[in-house]
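# Topology and contacts: notes
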Amino acid sequence: MKNVIGTPARGDSFFPRTKEIRKIIDRLVDGNNLNIAAPRRVGKTSILLNLLDKKENDFVYVYVDTEDVCDESDYFKRILKEVLRTEEVVTSRRLKHLFESGQRFLSRIKGIKIMGQGIEFTGEGGVIDFKEDLTNLLSGIELEDDKEIIILVDEFPQTIQNIIDANPDNPQPARKFLQANREIRLNPEINKKVKFILTGSIGLNHTVAQIDSTAFINDLNSVEISPLTTVEAQNFLQDLLATKNMLIDTEVAQYLLKKIGWLIPFHIQLAVQEILSMDSPDADIDKGLIDRAFVAIVERRNENHFNHYFSRLKRQFKGDEFSFADELLDIMARQGVMTKDEIINLSVKYDLMQKWKNITDILIYDGYINNNSEGIYQFNSPVVRMWWQRFICK
Amino acid sequence: MAATNFLYNPERKGKKGLIQEFVIRQDILDTIMEDLNTSFMKTPEQHYLLVGQRGTGKTTLLLRIAYAIEDAPELKDWLIPVVFSEEQYNIGELANLWENVGQLLEDYHGFAGLYEKMERNVSFPGYDERCWEILESELDKKGKKLVLLIDNIGDLLRKLSEIEVKRLRRILQTKSQVRLIAASPLYLESILDYKQPLFEFFKVLRLESLDSKSTRELLLKLADVHRESDKIERIIKESPERIETLRILTGGVPRTIALMFNIFIEHEHENSLKDLERILDAVTPLYKHRMDDLPPQQQKIVDAVAKYWDPINVRTLKDRVRLEGKVISAQLGQLEKNQVIQKLGTDTKNNEYILRERFFNIWYLMRYGRKDDKQRVIWLVRFLESWCTEAEIESRIAQFVNGIKSQKLDDQSLVFFGEVYSSIRKLSLTSKVLLEESVPQQYGKPLPFSEEEIKNLINETFKAKEYKKALKWLSRLQELTETDKSLVFDIFDRTGKDGKIILDFSLELAHTMRQDIERRVFPRRGMIQLYTLLVAIHLYERILLELEFGRYENVLASIKEQMRLIGDMAEYLVSAAYFWNYNFEIRLLLSGISGLYKKGQIYLINKLFDEKTVVMENKSIALSEIFNPIYLAINSLEPGGKMINLAPEKEESVHKIRDFIIGK
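Chains are numbered independently. Their residues run from 1 in the order of the written sequence. Labels are handed out in written order, letters beginning with A for the chains and numbers beginning with 1 for the ligands. Only residues with pLDDT of at least 70 get local features here, since the model is predicted, and only at 80 or more are side-chain atom pairs given and counted; chain-wide, interface and lining totals rely on the full set of residues. Excluded from the side-chain calculations are hydrogens and water; all other atoms, namely the structure's heavy atoms, are used.

## Some details on the overall build of chain A
- By the criteria applied, helices consist of DSSP H or I runs no shorter than four residues and strands consist of E runs no shorter than two, each listed in order from the N terminus. The helix and strand inventory of chain A stands at 19 helices and ten strands.
- Computation of the radius of gyration draws on C-alpha atoms alone. For the globule rule, the value is 2.2 Å times the number of residues to the power 0.38. Computed over the C-alpha atoms, the radius of gyration of chain A is 23 Å, within 12% of the 21 Å expected from 2.2 N^0.38 for a compact globule of 394 residues.
- Principal-axis analysis of the C-alpha atoms gives chain A an extent of 70 × 55 × 35 Å.
- Burial here depends on accessible area, computed with a 1.4 Å probe over protein chains only, as a share of the maximum for the residue type. Under 20% is buried, over 50% is exposed, and the range in between is partly exposed. Counting the 394 residues in chain A, one finds 57% classified as buried.
- Contacts are assigned to residue pairs with any non-hydrogen atoms lying within 4.5 Å of each other. Within chain A, counting contacts between residues at least 6 apart in sequence, those at least 24 apart form 74% of the total.
- As displayed, chain A offers around 16,500 Å² of accessible surface, 47% of which is attributable to carbon and sulfur atoms.
- Charge counting treats Lys and Arg as positive and Asp and Glu as negative, with His and both chain ends excluded. Charge positions come from single atoms, namely NZ of Lys, CZ of Arg, CG of Asp or CD of Glu. Taken together, the 51 basic and 59 acidic charged side chains of chain A have centroids lying 1 Å from each other. Where accessible areas are quoted, they stem from the Shrake-Rupley method and a 1.4 Å probe; at the residue level, only the protein chains shown are allowed to cover.

## Observations concerning the pattern of salt bridges
- Every case where a carboxyl oxygen of Asp or Glu lies within 4 Å of a side-chain nitrogen of Lys or Arg is listed as a salt bridge. One pass over the structure, following the stated rule, counts 65 salt bridges over all chains.
- Among the ionic pairs, E148(A) bridges to K195(A), the shortest N-O distance being 3.0 Å. Of this pair, E148(A) sits in the loop between α6 (130-140) and β5 (149-154) while K195(A) sits in strand β6 (residues 194-199), and the two are 47 residues apart along the sequence. Both residues of the pair, E148(A) and K195(A), belong to the buried class.
- R367(B) is the partner of D281(B) in a salt bridge, and the nearest nitrogen-oxygen pair spans 3.0 Å. On the criterion of sequence distance, the pair formed by D281(B) in helix α15 (residues 269-293) and R367(B) in helix α19 (residues 358-368) is long-range, its members being 86 residues apart.
- Connected via shared salt-bridge partners are D68(A), R78(A), D128(B), E129(B), R167(B) and R170(B).

## Remarks on helix α27 (residues 500-518) of chain B
All names here are of chain B.
- Given a helix with a known number of residues, its expected span is that number minus one, times 1.5 Å. For α27, with 19 residues, the first-to-last C-alpha span of 27 Å sits near the 27 Å given by 1.5 Å per residue.
- Listed in full, the buried residues belonging to α27 are I502, F505, S506, L509, A510, T512, M513 and D516.
- Elements in contact with the buried residues of α27: α25 (467-474), α26 (482-495) and α28 (525-548).

## Some words on the packing of aromatic side chains
- Stacked, edge-to-face and tilted are the three classes for Phe, Tyr and Trp ring pairs, Trp counted by its six-membered ring, which pair at centre distances within 6.5 Å; planes under 30 degrees apart are stacked, over 60 edge-to-face, the rest tilted. Going through the model one piece at a time under the given rule, you end up with 29 aromatic pairs over all chains.
- For the pair F306(A) and W387(A), a centre-to-centre distance of 6.0 Å together with 20 degrees between the ring planes defines the contact as stacked. With F306(A) in helix α15 (residues 303-316) and W387(A) in helix α19 (residues 382-392), this residue pair connects regions lying 81 residues apart in the sequence.
- Classification of W387(A) by relative accessible area gives buried; the value is 1%.
- Their ring planes at 70 degrees and their centres at 6.0 Å tell us that F310(A) and W388(A) sit as a pair that is edge-to-face. Taken together, the positions of F310(A) in helix α15 and W388(A) in helix α19 put the pair 78 residues apart, joining distant regions of the chain. With respect to burial, F310(A) and W388(A) carry one shared label: buried.
- Cluster of aromatic residues (ring-pair linked, three or more members): F306(A), Y309(A), F310(A), F322(A), Y368(A), F379(A), W387(A), W388(A) and F391(A).
- Here the basic side chain of K432(B) rests over the ring of F449(B), its NZ or CZ set 4.9 Å away from the ring centre.
- The ring of W473(B) carries the charged tip of K472(B) above its face, separated from the ring centre by 4.5 Å. For a ring to carry a charge above it, either NZ of a lysine or CZ of an arginine must fall within 6 Å of the ring centroid while also lying within 35 degrees of the normal to the ring plane.

## A short note on the interface of chain A and chain B
- The interface is formed by 39 residues belonging to chain A together with 37 residues belonging to chain B.
- A combined buried area of about 3,200 Å² lies between chain A and chain B, and 43% of that area is made up of carbon and sulfur atoms.
- In this structure, the connection of chain A to chain B is made through seven salt bridges.
- E133(B) is paired through a salt bridge with K81(A); the nearest N and O atoms lie 2.4 Å apart.
- Any pair of N or O atoms that falls within 3.5 Å is considered a polar contact. Within protein, one atom must be able to donate a hydrogen and the other to accept it, and sequence-neighbouring residues count only if both atoms are side-chain atoms. On inspection of chain A and its partner chain B, the count reaches seven residue pairs in polar contact (both at pLDDT 80 or more).
- When residues in the side of chain A that touches chain B are grouped by element, the largest group, eight residues, is from α15(A). By definition, the buried area sums, over both parts, the 1.4 Å-probe accessible area that each loses when the two are put together.

## Considering the domain arrangement of chain A
All names here are of chain A.
- What the domain assignment reports for chain A is domain 1 (11-224), domain 2 (230-297) and domain 3 (305-391).
- Once you take the C-alpha centre of each, domain 2 and domain 3 turn out to be 28 Å apart.
- Between domain 2 and domain 3, the contact holds ten residues from the first and eleven residues from the second.
- Across the domain 2 to domain 3 interface the summed buried area is about 870 Å²; carbon plus sulfur atoms make up 73%.
- Considering only the surface of domain 2 that becomes buried against domain 3, W262, H267 and F294 emerge as the three largest contributors, covering 51% of it.
- Taken together, the links from domain 2 to domain 3 amount to zero salt bridges.
- Run the count over domain 2 and domain 3 and you get one residue pair in polar contact (both at pLDDT 80 or more).
- Only Asp, Glu, Lys and Arg are considered charged in this grouping, and only Ala, Val, Leu, Ile, Met, Phe, Trp, Tyr, Cys and Pro are considered nonpolar; every other residue, Gly among them, is considered polar. Of the residues that constitute the side of domain 2 that touches domain 3, the class distribution is seven nonpolar, two polar and one charged. Annotation comment: domain bounds sourced from an automatic or database domain assignment.

## A word on the nonpolar core
- What is meant by a nonpolar core is a set of buried Ala, Val, Leu, Ile, Met, Phe, Trp, Tyr and Cys residues, joined one to another through side-chain atoms within 4.5 Å. W379(B), W387(B) and F416(B) are the most contacted members of the largest nonpolar core, which has 114 residues in total.
- With ten residues, α28(B) is the largest single contributor of residues to this core.
- Counting 86 residues, the second-largest nonpolar core is a separate cluster that includes A233(A), F324(A), W356(A) and F379(A).

## As for the domain arrangement of chain B
Residues and elements named next belong to chain B.
- When the domains of chain B are assigned, the result is domain 1 (25-206), domain 2 (212-382), domain 3 (388-443) and domain 4 (451-662).
- Centre-to-centre, using C-alpha coordinates, domain 2 lies 23 Å away from domain 3.
- Taken residue by residue, the interface counts 23 residues in domain 2 and 19 residues in domain 3.
- Summing both partners gives a buried area of about 1,800 Å² for domain 2 against domain 3, and 58% of it is carried by carbon and sulfur.
- The largest per-residue losses of area from domain 2 upon contact with domain 3 belong to H269, E270 and L273, which jointly make up 34% of the total buried on that side.
- One can count two salt bridges joining domain 2 with domain 3.
- R242 serves as the salt-bridge partner of E392, at 2.8 Å between the closest nitrogen and oxygen.
- Across the domain 2-domain 3 interface, the total number found is one residue pair in polar contact (both at pLDDT 80 or more).
- Breaking the side of domain 2 that touches domain 3 down by element, the ones donating at least two residues are α14 (254-265), α15 and α20 (378-387).

## Here's the deal with α25(B)
Residues and elements named next belong to chain B.
- By the burial criterion, the buried members of α25 are Y467, A470, L471, W473 and L474. Along the axis of α25, the buried positions cluster into a sector of 160 degrees, meaning they face one direction only.
- Check the buried side of α25 and you find it contacts α23 (429-438), α24 (451-463), α26, α27 and α28. What the arc measures is the spread of directions leading from the helix axis to the C-beta atoms.

## Some points on the pairing of β6(A)
All names here are of chain A.
- Of all six residues in β6, six are buried; the element is thus mostly enclosed.
- Pairing of strand β1 (residues 34-37) with β6 involves three bridges; the strand directions are parallel. Across the sheet, residue L34 finds its bridge partner in β6, namely I197.
- With six bridges connecting them, β5 and β6 associate as parallel partners. Among the inter-strand pairings, V153 is bridged to a residue of β6, identified as L198. Any two strands with at least two DSSP-identified bridges between them are counted as paired.

## Observations regarding the sheet that holds strand β7 (residues 221-224) of chain A
Residues and elements named next belong to chain A.
- The parallel open sheet is built from five strands, whose spatial order is β2-β5-β6-β1-β7. The open sheet is flanked by β2 (60-65) and β7, the only strands paired with a single partner. Within the sheet, the average angular offset between the axes of one strand and its neighbour, ignoring direction, is 20 degrees.
- The sheet contacts of helix α1 (residues 18-29) involve β1, β2, β5, β6 and β7, and relative to β7 the element is tilted by about 170 degrees. Axis angles are defined between N-to-C directions and span 0 to 180 degrees, where every axis is a line fitted to C-alpha atoms and, for a helix, only to the segment in contact.

Structure, rendered in structure tokens:
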């Protein structure tokens, strides 16, 4: 297993998230379209890609990243193209036969042609209704063994945000987009053989709430991705170190994991990276080294991994909302915790008494903080808190 | 010189040269190559970002990686390295990036028709998307993968729109056909916020400053290239502290180390300076941009820190920038955060600060240091002082002086190195004299010689009959003793027939003093004394000649000139009392007057005091007042003249003068 930092882990580098995968598969089997809800860096994309790589449950997976898409037509075009590139679709004789025999849905598709070796997308440059083409394709598609298709859309909320940004003061295009997606998901012809899993690095609920369109996602079943358990984290740690022929004592491993606190794979990977860069090959990993490595995680050299916490804040919130969020995190970084009363008090300073809950919910969703203990809010991750203290606190 | 050419353009070195000379950053190369060799790129792989100050070897490393891929048996058949140098003027959008790749693949890797295929879609919306898809498809057909090695990626990203950056991110995150190894200088925050998500999933490898071991390795390699291995090995063995000093001085930045090394090794001063200027020109747009981006207070602070060169504390900064201490501290904090300034801890509670990039500091001094101020060259002075032995400095100076004498040096090199060498502390006397004598006055500055050194030089040059040189050293004394003045007379005696030496030198001195006055610098008293004496001697010569021929009016004129001279010089000595210390000068003056008296020209003598005034301390003072004792003595010599009642000490002076005039 390689210690791949930041990029979604693939193949042997992916640490098995059996529990999470099981949860997802079960809900798909139950017939749900899913929204995978989790803060940044928890491993959502890695999990999606693992589904794709392992072809879990014998589904046919299509992975689409729509982060850079900013209009509806492009979005459906992207999905259409990716579906048509999927190996099982390209090589499906059944599907080809259906096309050739003029099946009622497939014959309506304008941007596709049957070529010698399969089906090809020919929609470039033409004026085509890609939503219609996609609807027809997904309605008419039949694969060998009646395999179900799971379309994994990564950065779906970002796409919505892009459309909102592209049409300032006019939420209609974004609403229309959400509506179109919902239509496809709930289309009875499609729904029996195609499911969608949507996820992204920004929260879907509060993106959609901006334009009062939560009704258009109420069909989605939310799956939460948790951090690793302590046992999983320990195994992960051992596996990462083993690739460099290093061992770590259980007690020392627990010491490290306790320091990391919020056991997302990414933070464990960073810690391992620092341990490896500090250690001489023959030395044992002891608590002293752990302490040094832990501090080194938030050295300037790793700033690219943490800067987004602050830049994201600036993009998400404007004006007083940003100032409130900024000060809240500043206090929390210094004090360790904040009570609900303290937060409410702070919201008064910025005249945000009606909005503080919404803002803190966004911060919770995005993984900055939690309120795991009743009425007490704190940073999710000691690592992120340490970084905040060091580089952001005034 | 060839090696220096490539300090800023390593790609011009050629593959063989670069590989041969590659010695530092081996660990990073190994890390990346290990990953490349064990990755099959079936799924998207780890991307890398190499971050380090300018000059730390990022470009060289990128090229080295490219060459290593080309040569790796496990990789060369399927993995294609594509290098994008710092300047990518033809890339203004994402599509251009793919087009460039397409062109390269077509030209060098047998992807016939690839670029044309892309171009066919140029008028369609989503052109860059199309370009990528075509590229992806062609790579898959040929079973090839790409490694993009992009230098200074910030510049490229700045040209892309937000959506294009997201598109690039998506491709890097989801496509296995390409992986990216990018390089960026320290200032990642200069890349706009929305581009930062691109780097979240990069593994950052920092090119840190070199440690002692790596510095040694680099120097040995440089020495090998220049065939100076013996010299460097000897230094490493016998005085390893010099290596450490060099490392600290240069901040451990390879390019700066190589530059200093080249200056050290290069025997032709002109070449070193040209090379340096070339590199400075290359970095100017970048560094100037960095300065322009700073707010005014920070610019002021950076200016002061740069010009100081050595570590500076807040108190010293306060004097130089005239800002409140807490304002300075706050701005320093910001500059430190932006990695312009580096804080150095000290044993006290006062921290010290330097510019983090030493080469940036060098650039700043060379571009903004005052031309005739040693601060411009302080960096090189420090280097030579700490790196070179006294013998090596002497040798360099000797070479420099030879260059001047044989007129091989251009003005720029002359000025530059003249400033450098004359600023070195603890120069040997030999070196100082060489510089003093060889660097034309308008280019150099007077070097500091101790009084003892000057006296020794006076004696040496006098014994060697180098009278003009002896006079020159005499003029460097703070004050002439009577012994020194005797020496002047000696010189006069020996060269009297050819009075040119005295006259010429006095004219030179006059010129120097005038320049000093124009620069509002008070001429040295010794210089004034010497000048006065020389002119007095010269005039005395003339007086004797004119007396011989009975040209009494000329004698009068000469004596008046002497008096004016002495009176003028007296001005600079603040008080008229001083001028009575002009022992020899006054005696020469009186000799002239005595000559006239003996020829019976008493009324003529009286006319001396027709020159009414000399300006002293902004006051007009009559000659009769300045030369009052002489005036009274002359009055008493007139027919019917008599001694008036004087104070006893003054009476004695007047009597002595009178006796002298009448030849008693």
